[in-house]
Amino acid sequence: MGGEDPALAREVLRQFTLLQRGVVDCVSADELKRRLASAIRAGRPLRVKLGFDPTSSDLHLGHAVVLRKLRQFQDLGHHAVFIVGGATAMLGDPSGKDKTRPTLSREQVEHNAATYLEQAFKVVRREEVSQGGGSAALEVRNNADWFLKQGFADFIRLASKMTVARMIERDNFTKRMKEGAPIGIHEFLYPLLQGQDSVEVRADVELGGTDQLFNLLVGRDLQVDAAQAPQICMTMKVLPGLDGVQKMSKSLRNYVGLTFPPDEVFGKVMSVPDALMGTWYTLLTDVAAEEWEPLASRDPREAKAALAARMADWLHGAPAGSDARARFDKLFRDKEVPDDVERHLLPAAETPDGRLWIVDLLCRLKFAASRGEARRLIQGHGVKLDGAVVVDDKLEVDLGREVLVQAGKRRFARVARGA
RNA sequence: GGGGAGAUACCCAAGUGGUCAAAGGGGACGGACUGUAAAUCCGUUGCCAUCGGCUUCGCAGGUUCAAAUCCUGCUCUCCCCA
């Protein structure tokens, strides 16, 4: 770096510092500074790539961590390239997995891709790229567009760019081999495809979780091979899920979906172990550590509730957080029945005498998946009728007038016999 | 291509002819405590049902009064050799 222009140097440092939040690896930091400097000097924004495979139909807070980073680049005037892994989704990324994932059909992938973008726009600015540059905030690409057009020869050529030795020294493959777990050859191909994406879109920077570092680095090699400047690889700390141990993922069911309703967002965040609060604040908010740390040590519940409300506001707009909190406090802290309990009317035909066996009632309400489960729930004293614990699993409930059914702490329904 | 090992419920894992709906652990759910945190304790964890019945141990057949357990074929996985 020349370093003659102090204004430029300051701007580079400002951007660089902001961008460091939540970042674990940056390959390399110096390159990033240099690239920022030349971008600013030339008025040519960096092309920042982030890709997701539409392997399920939900994005969650774990995805949001990197999406936020992408948004941060946008806010600094850079150009986001969002890759939908239409082709790679069919392969299945081995990163962070201890087992092979099932490959998906074309149809599933396309369906998922559609819902994905919508969810991503909760975090990323969506102005589409305009031809002449200008307000180019976002460019959406689907890697099916290039991969499905390529021929066999192209594919083999790509495969030749990687060695088996390098592949198997990758930690999660080593681990799986040691455990005797299967590894499909197709899983070796995945990083190459992801790397090729970087070549296709001429990425300056690629974002990902720490478990993506290997894949991101492959992109660098392929770019060099294609006579492009190698992308800077930035990995973000992976967001731990609700269990506090494993990374947030839909298949582990420890996630908070970006489309979850406010109450659920609030409640799930409240169930995050205290020890993780700092990580969540760092990765999912811009709140300075000096702000949340004192609160978290003085009043952890309050700090977490503030975080939870913030998440709900973020995903649903301003009053959602405080509203959710009010309902949450009422239900769990004050142990009161919520205001908006769903009402069910059972058709009279189903209850000729106006009575219904409690076990069937629970099944009808989907509070239990089977009669056996309903029985167990009752035997475990988990069912209340008008506030009183049900002890008899043979109870016939009189639906002549409305009754309040509660299963566990959070499932409520008001039921009466319909016409 | 040759040799060996293996596939058990949501996951890991015991069980090698009846007493096995299948030990143990994890997870999940419910209860107590609480801040839907952590820690701890208790209960439940195939389906239907009143005794009782029905379906389940990779898949398909077979032997037997009786199979997760024995036999045959198939599918999949791992290891060693080539």
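Quick caveat: nothing in here was measured; it's all calculated off a predicted structure.

### Structural notes on the overall build of chain A
Phase 1 of the analysis: Along chain A, the regular secondary structure elements total 17 helices and 13 strands.
Phase 2 of the analysis: If one aligns the C-alpha atoms of chain A with their principal axes, the spans along those axes are about 85 × 50 × 45 Å.
Phase 3 of the analysis: Counting across all 419 residues of chain A, residues that qualify as buried make up 48%.
Phase 4 of the analysis: When the accessible surface of chain A is totalled, it reaches about 20,400 Å², and 53% of it is carbon and sulfur.

### Structural notes on the domain arrangement of chain A
Interface size is commonly expressed as the accessible area that is lost once the parts come together.
Phase 1 of the analysis: Split into domains, chain A comes out as domain 1 (6-236), domain 2 (262-333) and domain 3 (343-417).
Phase 2 of the analysis: On the side of domain 2, 12 residues touch domain 1, which itself brings nine residues to the contact.
Phase 3 of the analysis: Summing both partners gives a buried area of about 960 Å² for domain 1 against domain 2, and 59% of it is carried by carbon and sulfur.
Phase 4 of the analysis: For the pair domain 1 and domain 2, the interface holds one salt bridge.
Phase 5 of the analysis: On the surface where domain 1 and domain 2 come into contact, there are nine residue pairs in polar contact (both at pLDDT 80 or more).
Phase 6 of the analysis: Ranked by residues supplied to the side of domain 1 that touches domain 2, first place goes to helix 3 (residues 61-75) with four residues.
Phase 7 of the analysis: For the side of domain 1 that touches domain 2, a count of residues per class yields five nonpolar, one polar and three charged.

### Quick word on the nonpolar core
Nonpolar side chains in soluble globular proteins tend to be buried together.
Phase 1 of the analysis: In this structure, L61, L67, V205, L207, M234, W280 and L284 are the most contacted members of the largest nonpolar core, which totals 69 residues.
Phase 2 of the analysis: Residue contacts for M234: discarding those within four places in its chain leaves L19, Q20, V23, D25, C26, L32, F73, V205, E206, L207, G208 and L216.

### Examining the sheet that holds strand 1 (residues 23-27)
Phase 1 of the analysis: Strand order in the open sheet formed by six strands is 1-6-5-2-3-4, with mixed pairing between adjacent strands. The open sheet has two edge strands, strand 1 and strand 4 (138-142), and neither has a second partner. Neighbour to neighbour, the strand axes of the sheet diverge by 20 degrees on average, direction disregarded.
Phase 2 of the analysis: Both strand 3 (residues 79-84) and strand 4 contribute to a ladder of five bridges, which runs parallel. Paired with I83 across the two strands is R141, which belongs to strand 4.
Phase 3 of the analysis: Of the strands in this sheet, strand 1, strand 2 (47-52), strand 3, strand 4, strand 5 (205-209) and strand 6 (232-236) touch helix 3, which is tilted by about 160 degrees from strand 2.
Phase 4 of the analysis: Of the strands in this sheet, strand 2, strand 3 and strand 4 are in contact with helix 4 (residues 106-120), which crosses strand 3 at around 155 degrees.

### A look at a nonpolar patch on the surface
Phase 1 of the analysis: Together, F152, F155 and I156 make up an exposed nonpolar region whose accessible area comes to about 310 Å².
Phase 2 of the analysis: Note on placement: F152 falls in helix 6 (residues 152-159).

### Some thoughts on the side chain of Q196
Phase 1 of the analysis: Note on placement: Q196 falls in helix 9 (residues 185-201).
Phase 2 of the analysis: The exposure class of Q196 is buried, given its relative accessible area of 15%.
Phase 3 of the analysis: When residues no more than four places from it in sequence are discounted, the contact partners of Q196 are F147, L158 and L222.

### A closer look at the protein's contact with RNA strand B
Phase 1 of the analysis: If you check the shell around RNA strand B, you find 27 residues, and the closest are P273, D274, F328, R371 and R376.
Phase 2 of the analysis: Sugar and phosphate atoms represent 77% of those atoms of RNA strand B found within 4 Å of the protein.
Phase 3 of the analysis: In the environment of RNA strand B, a phosphate oxygen lies 3.0 Å from a nitrogen or oxygen atom belonging to the side chain of S370.
Phase 4 of the analysis: At the level of elements, helix 11 (262-270), helix 14 (300-316), helix 15 (319-333) and helix 17 (371-379) are the ones that each hand at least two residues to the surface near RNA strand B.
Phase 5 of the analysis: When the residues that make up the surface near RNA strand B are grouped by side-chain class, the tally is nine nonpolar, nine polar and nine charged.

### What about the pattern of salt bridges?
Phase 1 of the analysis: Under the criterion given, the structure shown has 26 salt bridges.
Phase 2 of the analysis: One salt bridge connects R166 with D221, and the closest N-O pair in it is separated by 2.6 Å. Residue R166 is found in helix 7 (residues 164-168), and its partner D221 is found in helix 10 (residues 213-225); the two are separated by 55 residues along the sequence.
Phase 3 of the analysis: On the basis of relative accessibility, which here comes to 27%, the residue R166 falls in the partly exposed class.
Phase 4 of the analysis: Here E402 makes a salt bridge to R343, at a shortest N to O gap of 2.9 Å.

### Some words on the environment of G408
Phase 1 of the analysis: With respect to the helices and strands, G408 occurs in the loop between strand 12 (403-407) and strand 13 (411-417).
Phase 2 of the analysis: For G408, a relative accessible area of 33% translates into the label partly exposed.
Phase 3 of the analysis: As a C-alpha pair, G408 and G382 span 26 residues in sequence and 5.0 Å in three-dimensional space.

### Concerning the sheet that holds strand 13
Paired through their backbone hydrogen bonds, the strands of a sheet run either parallel or antiparallel.
Phase 1 of the analysis: Spatially, 7-13-12-9-10 is the arrangement adopted by the five strands of the open sheet, whose pairing is mixed. Looking at the sheet topology across the chains shown, the edges are occupied by strand 7 (343-346) and strand 10 (388-389).
Phase 2 of the analysis: Pairing of strand 9 (residues 383-385) with strand 10, which is carried by two bridges, proceeds in the antiparallel orientation. Across the sheet, residue K384 finds its bridge partner in strand 10, namely V389.

### Observations regarding the packing of aromatic side chains
Phase 1 of the analysis: Overall, the coordinates contain seven aromatic pairs when judged by the stated rule.
Phase 2 of the analysis: Ring pairing ties together the aromatic residues F266, F328 and F332, which thus form one cluster.
Phase 3 of the analysis: Looking at K33, its charged tip hangs above the ring of F16, at a distance of 4.6 Å from the centre.
Phase 4 of the analysis: Between R170 and the ring centre of F173, over which it is positioned, the NZ or CZ distance is 5.4 Å.

Parameters and conventions
Residues numbered from 1 in each chain as written. Chains lettered and ligands numbered in written order. Predicted model: local features only at pLDDT ≥ 70, side-chain atom pairs only at ≥ 80, totals over all residues. Heavy atoms only, no water. Helix = DSSP H or I, 4+ residues; strand = E, 2+ residues; numbered from the N terminus. Buried < 20%, exposed > 50% of the residue type's maximum accessible area, 1.4 Å probe, protein only. Areas by Shrake-Rupley, 256 points an atom, 1.4 Å probe, with all protein chains shown as cover. Domains from an automatic or database assignment. Contact = heavy atoms within 4.5 Å. Buried area = accessible area lost by both parts, 1.4 Å probe. Salt bridge = Lys/Arg side-chain N within 4 Å of Asp/Glu carboxyl O. Polar contact = N/O pair within 3.5 Å; in protein donor to acceptor, adjacent residues only side chain to side chain. Nonpolar A, V, L, I, M, F, W, Y, C, P; charged D, E, K, R; others polar. Core = buried A, V, L, I, M, F, W, Y, C linked by side-chain atoms within 4.5 Å. Pairing = 2+ DSSP bridges. Axes fitted to C-alpha atoms, helices over the stretch in contact; angles between N-to-C directions. Patch = residues over 30% accessible without salt bridge, like charges linked within 9 Å, V, L, I, M, F, W, Y side chains within 5 Å. Near = heavy atom within 4 Å. Phe/Tyr/Trp six-rings, centres within 6.5 Å; stacked < 30°, edge-to-face > 60°. Lys NZ or Arg CZ within 6 Å of the ring centre and 35° of its normal.

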